[in-house]
Amino acid sequence: MISPHQSGSGYVLLHHEIGELDGVAGCWGFAEGGMGSVSRAIACSAKEHGAEIFVNSEVEDIVVSDDGSGVRGVKLNDGTFIQSNCVLSNATIHKTTKEMLRDCRSFHETEYAKQVSSFDYTSPVTKINVAVDRIPDFKAIPNKSRDMIGEQHKGTIHLNCENVEMLHEAYVDAAQHQIASRVPMIELCIPSSVDKTISPPNQHVISLFTQYTPYYLKGERWTQDDRKAYADKVFGNIDEYVSGFTDSIIGYDILTPEDLETTFGLTGGNIFHGAMSFDQLLFSRPSSSRCSYETPISGLYLCGSGTHPGGGVMGASGRLSALTVLKHRKEKRF
């Protein structure tokens, strides 16, 4: 969590402009059917190549040899042992090293383990998913009719960020005062404006990324009242830009940093598996002591967003990790 006044903060904005979609540089897109369709597409491709997929099967331990030099497989939380001399972890670095390898003393004595133990997972984001009974009517570009979708609905929309000082004040609220920002920055998109498969006719789903919000409010966990108060504040802020937004809400759910951690295993609630700060990028993601995807344990690799090049739905970390594994397998390193 950093202020826009701090050096390096602009990289996260740059990161979102890297790459292309269908030949258009810096462009992002919506997956038809929602983000779950991306997972389903990957799963279908994997199965076609012979992969077996286990769901609701949490890994409790990564099992290593007695001397800690090589991986032997994984143990599931139901006690099932799956043997393998090669394991790729898509979990955060913290979950992989501090939880799944918690009993591997030889690993925790390495310089690599010491470096990754200080990895920063602080996140300012609270996610709110909203269902509404009409397309938002922006005051700056009013709708031509109640249900008519325009170009203004199809992109990424940023509110409460008319100047850098607004963002800095939102940061100060969370970082220094440990309260949810009084005027939070809101990133809003309406995937149903281009994808009719994810909502009933003339109703819409809206995704809100909001910041800054701390993991704890003045040292205390968020209560349901805190969540509701924050959601109401966000909706009230949107009302300043969208006519009748609060009145259009059918329902919503809210995910604070703690909720993102407990629901999805995102340490600190960080959707990028770790802060995208200059000291945690390129050859230092997650450690400068070795290749981004390799660990000191032979056969154990990382393939999540905590490795280079970081977060985003692009598959780059996984592909580069897989290429590393294939290279090492050919060299008979495991």
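Each remark here, short or long, concerns the structure printed above.
Structure report, in brief. Keep in mind it's a predicted model, so treat the numbers as computed, not measured.

## Digging into the sheet that holds strand 11 (residues 249-255)
Now for step 1: Strand order in the open sheet made by the five strands is 8-9-10-7-11, with antiparallel pairing throughout. The sheet is open, and its two borders are formed by strand 8 (157-159) and strand 11, each paired with just one other strand. Geometrically, the sheet is characterised by an average inter-axis angle of 20° between neighbouring strands, direction not taken into account.
Now for step 2: Sheet topology places strand 9 (residues 185-189) next to strand 10 (residues 204-211); five bridges connect them, and they run antiparallel. Paired with Glu 187 across the strands is Phe 209, a residue of strand 10.
Now for step 3: Of the strands in this sheet, strand 7 (126-132) and strand 11 touch helix 9 (residues 257-264), which is tilted by about 80° from strand 11.

## A word on the nonpolar core
Now for step 1: One finds Ile 128, Val 130, Leu 188, Leu 208, Phe 235, Ile 238 and Phe 245 to be the most contacted residues of the largest nonpolar core, which totals 24 residues.
Now for step 2: Top element by residues in this core is helix 7 (residues 224-239). It accounts for five residues.
Now for step 3: Those residues within four positions of Ile 128 in sequence are excluded, and the remaining contacts are Ile 206, Ser 207, Leu 208, Thr 210, Tyr 230, Ala 231, Val 234, Phe 235, Tyr 252, Asp 253 and Ile 254.
Now for step 4: Val 64, Val 71, Leu 101 and Tyr 112 belong to the second largest nonpolar core, which has 18 residues in total.

## Focus on empty space enclosed by the protein
Now for step 1: Counting across every chain of the model gives one cavity of 30 Å³ or more.
Now for step 2: The computed volume of the largest cavity comes to approximately 40 Å³.
Now for step 3: Val 132, Arg 134, Ile 135, Pro 136, Asp 137, Val 242, Ser 243, Gly 244, Phe 245 and Ser 248 are the residues that line the largest cavity.
Now for step 4: Taken together, the residues of the lining of the largest cavity break down into five nonpolar, three polar and two charged.

Calculation rules
- Residues numbered from 1 in each chain as written.
- Predicted model: local features only at pLDDT ≥ 70, side-chain atom pairs only at ≥ 80, totals over all residues.
- Heavy atoms only, no water.
- Pairing = 2+ DSSP bridges.
- Helix = DSSP H or I, 4+ residues; strand = E, 2+ residues; numbered from the N terminus.
- Axes fitted to C-alpha atoms, helices over the stretch in contact; angles between N-to-C directions.
- Contact = heavy atoms within 4.5 Å.
- Core = buried A, V, L, I, M, F, W, Y, C linked by side-chain atoms within 4.5 Å.
- Buried < 20%, exposed > 50% of the residue type's maximum accessible area, 1.4 Å probe, protein only.
- 1 Å grid on protein atoms, 1.4 Å probe; cavity = no way out; pocket = protein on both sides within 12 Å on 5 of 7 lines; lining within 4 Å.
- Points joined across faces, edges and corners; volume = space filled by probe spheres on them.
- Nonpolar A, V, L, I, M, F, W, Y, C, P; charged D, E, K, R; others polar.

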